[in-house]
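Coordinate analysis (summary)
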Amino acid sequence: MALVTKLPSSLSTPIKSTKPNSFFHKNPVFTIHCASNSQKTSPFTEKHSIERYHRDNWVYKNQPQQPSCSCPLPSGDEFVRDYDIALQLPELKKLLQVLRVKRKNESGCERKGPGNVFLVGTGPGDPELLTIKALRVIESADLLLYDRLVSNDVLNLVGPDAKLLYVGKTAGYHSRTQEEIHELLLSFAEAGASVVRLKGGDPLVFGRGGEEMDFLQQQGIEVKVIPGITAASGIAAELGIPLTHRGIANSVRFLTGHSRKGGTDPLFVAENAADPDSTLVVYMGLSTLPSLASKLMFYGLPDDTPAAAIERGTTPQQRIVFAELKELADEIASNKLESPTLIIIGKVVALSPLWPHTMKETSSTFVESR
């Protein structure tokens, strides 16, 4: 095993954010302290993070200051989420009205046809991997709805007059349901806004972009897709891993590690996925990797197949674990890798210049780079 770290960092500054107690009718009555959940500063938007509330400050504008409450109150994720949405509603409605008035004034009458929605892929994290077309759209948007895995460096490129709204999801906490995201996109497009839906990686690779596109097109909204570099390509290139290589890997397969029912088994592992002449790339696979690895070996993939797990790939906080397949899950756990982590399994992993040659003589090796 080898662990490669790009750059260690930390953040522990608390802030306060007021949260509501029910969806629409009750006023906020307590204060939540927000801070990073990790010892390392995340390059992405974590739930209740300082960066998120600073970035989306416009949507909490003019909220009355509420006293802190010393008595115990419900503090579950669903409770906090509903409170958050209730706080945002007044400013969201106000922005919709402003956009409608702006559209009317620009043409002298209510303009026919809605605005456009752009589904924009922002790549795995490094802002220099953005396409020129994506950058142009990001800089000119009226409203941007962004996911958790759009990096902070990418969000810093947004135009000064644009409004940002976090709609990200993490395990156990969805700031918006998928249906609510659909309705937000539709409402602002119908008001004539240029709406950008920012997604990490590529919007049509495990990003649910197809669902959003289908919903909006059924409502008569024009959707334009701007592809991004998916994590498999961007992170593999960062490590010098060719996803295909003549004589070693003649195909590549992308898998989701998510279980549809939220269990420990991966969503789908077919017998033909255990192909030693193919490369497997697993998205969102931390929790299901032990089961996935067992099934791959059961179906015939050699247990010494080279593999890598990459946390926060292409960002300064990138960390990498190299291991043989039989040891990968244990090494990930011992090094406490966190989401987002991409997993690459296949003989091509050993072609990386970072692959530790000493693994040929010993079962584990530890390497850390600054």
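Residues numbered from 1 in each chain as written. Predicted model: local features only at pLDDT ≥ 70, side-chain atom pairs only at ≥ 80, totals over all residues. Heavy atoms only, no water.

1. Some words on the sheet that holds strand β4 (residues 117–121)
For clarity, the cut-off: By definition, two strands form a pair when at least two bridges between them are found by DSSP. Here a helix means four or more residues in a row that DSSP labels H or I, a strand means two or more in a row labelled E, and each is numbered from the N terminus. Axis definition: a line fitted to C-alpha atoms, over the contacting stretch in the case of helices. Angles run 0 to 180 degrees between N-to-C directions. Whether two residues are in contact is decided by their heavy atoms: any pair within 4.5 Å suffices.
The sheet built from five strands is open, its strands ordered β6-β5-β9-β4-β10 with parallel pairing. Only two strands of the sheet have a single neighbouring strand rather than two, namely β6 (163–166) and β10 (223–226). The mean inter-strand angle of the sheet, taken between neighbouring strand axes irrespective of direction, is 20 degrees. Relative to β6, strand β5 (residues 143–146) is paired through four bridges, and the arrangement is parallel. Within β6, the position partnered with Tyr146 by the bridge is Tyr166. Where helix α5 (residues 178–190) meets the sheet, it contacts β4, β5, β6 and β9 (195–199), and its direction lies at approximately 150 degrees from that of β9.

2. Quick word on the pattern of salt bridges
Filter applied, for reference: We define a salt bridge as a side-chain nitrogen of Lys or Arg found within 4 Å of a carboxyl oxygen belonging to Asp or Glu. Burial classes: relative accessible area under 20% of the type maximum marks a residue as buried, over 50% as exposed, and values in between as partly exposed (1.4 Å probe, protein chains only).
A full pass over the atoms with the stated rule returns nine salt bridges. The residue Lys199 makes a salt bridge to Asp147 at a minimum N-O spacing of 3.9 Å. Highlighted residues: Lys199 in strand β9 and Asp147 in the loop between β5 and α4 (152–155), separated in sequence by 52 residues. One exposure class covers both Lys199 and Asp147, and it is buried. Across the salt bridge formed by Lys347 and Asp277, the nearest N and O atoms sit 3.3 Å from each other. Here the residue Lys347 occupies a position in the segment after β15 (341–345), and Asp277 occupies one in the loop between β11 (251–256) and β12 (278–283), the gap between them amounting to 70 residues. For Lys347, a relative accessible area of 36% puts it in the partly exposed group. The class for Asp277 is partly exposed, based on a relative accessible area of 34%. Counted as one network, the salt bridges with shared partners bring together Asp147, Arg197, Lys199 and Glu212.

3. Regarding the nonpolar core
The condition that has to hold: We define a nonpolar core as any set of buried Ala, Val, Leu, Ile, Met, Phe, Trp, Tyr and Cys residues linked to one another through side-chain atoms lying within 4.5 Å.
Ranked by size, the top nonpolar core spans 28 residues in total, and within it Val117, Phe188 and Leu216 carry the most contacts. Here this core takes six residues from α5, the largest share from any one element. Residues in contact with Leu216, not counting those within four places in the same chain, are Val117, His182, Leu185, Leu186, Ile221 and Val223. Grouped together as the second largest cluster of nonpolar side chains are 22 residues, Ala273, Val282, Leu289 and Leu325 included.

4. Focus: helix α3 (residues 132–140)
Quick note on the threshold: The reported arc concerns the directions from the helix axis to the C-beta atoms and nothing else.
Of the positions making up α3, those classed as buried are Ala134, Val137 and Ile138. The arc that holds the buried residues of α3, viewed along the axis, is 100 degrees, so those residues lie on one side. Looking at the packing, one finds that the buried side of α3 touches β4, β5, α4, β9 and β10.

5. Overview of the environment of Gly228
Structurally, the position occupied by Gly228 is in the loop between β10 and α7 (231–239). Along the sequence, Gly228 and Leu130 sit 98 residues apart, while their C-alpha atoms lie 6.9 Å from each other.

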